[in-house]
Amino acid sequence: MENARPNWTSRFAFILASVGSAVGLGNIWRFPYIMGQYGGAVFLFVYLAIILTICFIPLVAELAVGKITQKECIGAYESVSPKLKIIGALNPITGILISSFYFVVGGWIINYIVLGFINPSVNDYAQYFTNFTQNPVSTCVYTILFLFICIFFTARGIKKGIEFANNVLMPLFAVILVGLIIFSLNLPNAYQGLEYMFKPDFSKICPQMFLAALGQALFTLSIGMGALLTYGSYIKEDKSITKSAYTIIFSDTLFAIMAGIMIFPAIFSFGLEPNSGAGLVFVTLPHIFSQIPHGNIVAIAFFLLLSAAAITSGISILEASVAAFIERLHLSRMKSSILLFCIVSSIAIPASLSFGVLSSFTIAGRGIFDFLDFATSNLLMPLNTLFLCILAGWFLKIKGKMFINNEFIAKIFDLGLKFIVPIILVFLLYIGLR
Ligand code: TRP
């Protein structure tokens, strides 16, 4: 029975995999730079408020839909009506599109690990980054290499592949991160970075900040493309989805804050700009590493950490599509993985080239990479989350009291799932499409 549905070996394995899915480039690369763009501590407060309240509902709902239907995302929608298959299919489509830019960034990380080994003396990292992202051969090779590593784990199946990756890579991640935080906090003027992170200036609050925080929260928790739904469908006995959801939110937030404490003191200590955008990690940090004693060792450690986090997230992005292929197309896990590898490569390669040879090719006024990033986080993920809340709340009639003991909180959950979260998402989509 090659295609029999897999199950987690333990509740711990499931939680570790979900945390592994959540903690990734979203925490280490995206969170600090978005926070830097929205002025630091205020954004952190808005983000915390959103991730600890609103996001809990779709997170629990997505896991619950997987667990209750015991199906991958297309099958979960189909269990209500065959017509809804198309809506379910939006999930793997979104996953393929997310993969296609996520793996490009993963490729950059691998390049920086290699760079740390062979060329520790580069001193203009902004220039290096520009040259590298414009070089068609290296960006393609590293993108495919990173995709290959993640597909390798996915092809081996959830027990042999995904659990192993998470059991080994996540603890490694935590250890290296703590080491780098200690290092960063001992830099001169580190307190300025902490002040920037934790002392809010509430005059900077604006509507866009709420939207940016919500978008970041969905991305970082991996909500809205069927990854958690698929992971939830591998749960058999686990009764406490809410506990798992809190563990995911808590650890994801902890990793994001730790990433901030690692990055901001260093930025301030070296007099750099916190709002330098998406290049924050790839331009600013290596520049910092190059100025400190044994910087290349620190750089290698950092980018290894980032690749570990990105691999466990990359696996989760791929798993939703692999599961859909296995169950819909009746392919073996190996064949599904190979098929997905081909599809993702065919989009990821043009995306990786969009900084160089394909830079003049635009979709809706954006380069391929930027378009994929924009279309998934601002449109498809909120849309999928909206459909998921409707599926869970209105069709599958999932109720808070199924998982929550406190009656009052369970009622709020029901209200949130059926009305509050969908309304907020419609509002977000409206803003995104304008
Ligand atoms: N959450 C991951 C991160 O923070 C990325 C990720 C993994 C993801 N699986 C996902 C994002 C599913 C959206 C949907 O890097």
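Heads up: the structure comes first, above all this text.
First things first, this report covers the structure right here in the doc. These numbers were taken from a predicted model, which means no experiment stands behind them. (Residues numbered from 1 in each chain as written. Predicted model: local features only at pLDDT ≥ 70, side-chain atom pairs only at ≥ 80, totals over all residues. Heavy atoms only, no water.)

What about the pattern of salt bridges?
Now for step 1: All chains considered together, the criterion is met by 4 salt bridges.
Now for step 2: When the shortest N-O distance is used, the salt bridge between Glu78 and Arg328 registers 3.0 Å. With Glu78 in helix H5 (residues 73-78) and Arg328 in helix H15 (residues 295-329), this pair connects stretches of sequence that are 250 residues apart.
Now for step 3: When its relative accessible area of 27% is taken as the criterion, Glu78 is described as partly exposed.
Now for step 4: Among the salt bridges present, the one from Glu319 reaches Arg333, with a minimum N-O distance of 2.9 Å. Placement of the pair is Glu319 in helix H15 and Arg333 in helix H16 (residues 333-353), with a sequence separation of 14 residues. Each member of the pair, Glu319 together with Arg333, is buried.
Now for step 5: The network of salt bridges with shared partners includes Glu72, Glu78, Lys85 and Arg328. (Salt bridge = Lys/Arg side-chain N within 4 Å of Asp/Glu carboxyl O. Helix = DSSP H or I, 4+ residues; strand = E, 2+ residues; numbered from the N terminus. Buried < 20%, exposed > 50% of the residue type's maximum accessible area, 1.4 Å probe, protein only.)

Thoughts on the packing of aromatic side chains
Geometry of an aromatic ring pair is reported as the spacing of the ring centres plus the angle between the planes.
Now for step 1: Evaluated as defined, the whole model comprises 32 aromatic pairs.
Now for step 2: Judged by centre distance (4.6 Å) and plane angle (20°), the rings of Phe56 and Tyr246 are stacked. Taken together, the positions of Phe56 in helix H4 (residues 56-69) and Tyr246 in helix H13 (residues 241-269) put the pair 190 residues apart, joining distant regions of the chain.
Now for step 3: For Phe56, a relative accessible area of 8% translates into the label buried.
Now for step 4: A relative accessible area of 47% means that Tyr246 is categorised as partly exposed.
Now for step 5: Between Phe129 and Phe282 the ring centres are 5.6 Å apart and the planes differ by 20°, which places this aromatic pair in the stacked class. Pair noted here: Phe129 is in helix H7 (residues 125-134) and Phe282 is in helix H14 (residues 280-291), with a separation of 153 residues, a long-range link. (Phe/Tyr/Trp six-rings, centres within 6.5 Å; stacked < 30°, edge-to-face > 60°.)

Let's talk about empty space enclosed by the protein
Now for step 1: According to the stated counting rule, one finds 3 cavities of 30 Å³ or more in the structure shown.
Now for step 2: Looking at the largest cavity, its volume works out to about 140 Å³.
Now for step 3: In terms of lining residues, the largest cavity is bounded by 16 residues, among which Ser21, Tyr102, Phe219, Ser222 and Ile317 are the most central.
Now for step 4: Elements that contribute at least two residues to the lining of the largest cavity include exactly helix H1 (11-22), helix H6 (85-118), helix H11 (207-221) and H15.
Now for step 5: Considering each element in turn, the lining of the largest cavity owes the most residues, 3 residues, to H15.
Now for step 6: Residues of the lining of the largest cavity, tallied by class, amount to 9 nonpolar, 7 polar and no charged.
Now for step 7: As a volume, the second largest cavity reaches approximately 60 Å³.
Now for step 8: Along the walls of the second largest cavity sit Leu180, Phe183, Ser184, Met262, Ala266, Leu285, Phe289 and Phe302, which together make up its complete lining.
Now for step 9: For the lining of the second largest cavity, the elements supplying multiple residues, two or more each, are helix H9 (157-185), H13 and H14.
Now for step 10: Among the elements that line the lining of the second largest cavity, the one with the most residues is H9, at 3 residues.
Now for step 11: A per-class count over the lining of the second largest cavity returns 7 nonpolar, 1 polar and no charged. (1 Å grid on protein atoms, 1.4 Å probe; cavity = no way out; pocket = protein on both sides within 12 Å on 5 of 7 lines; lining within 4 Å. Points joined across faces, edges and corners; volume = space filled by probe spheres on them. Nonpolar A, V, L, I, M, F, W, Y, C, P; charged D, E, K, R; others polar.)

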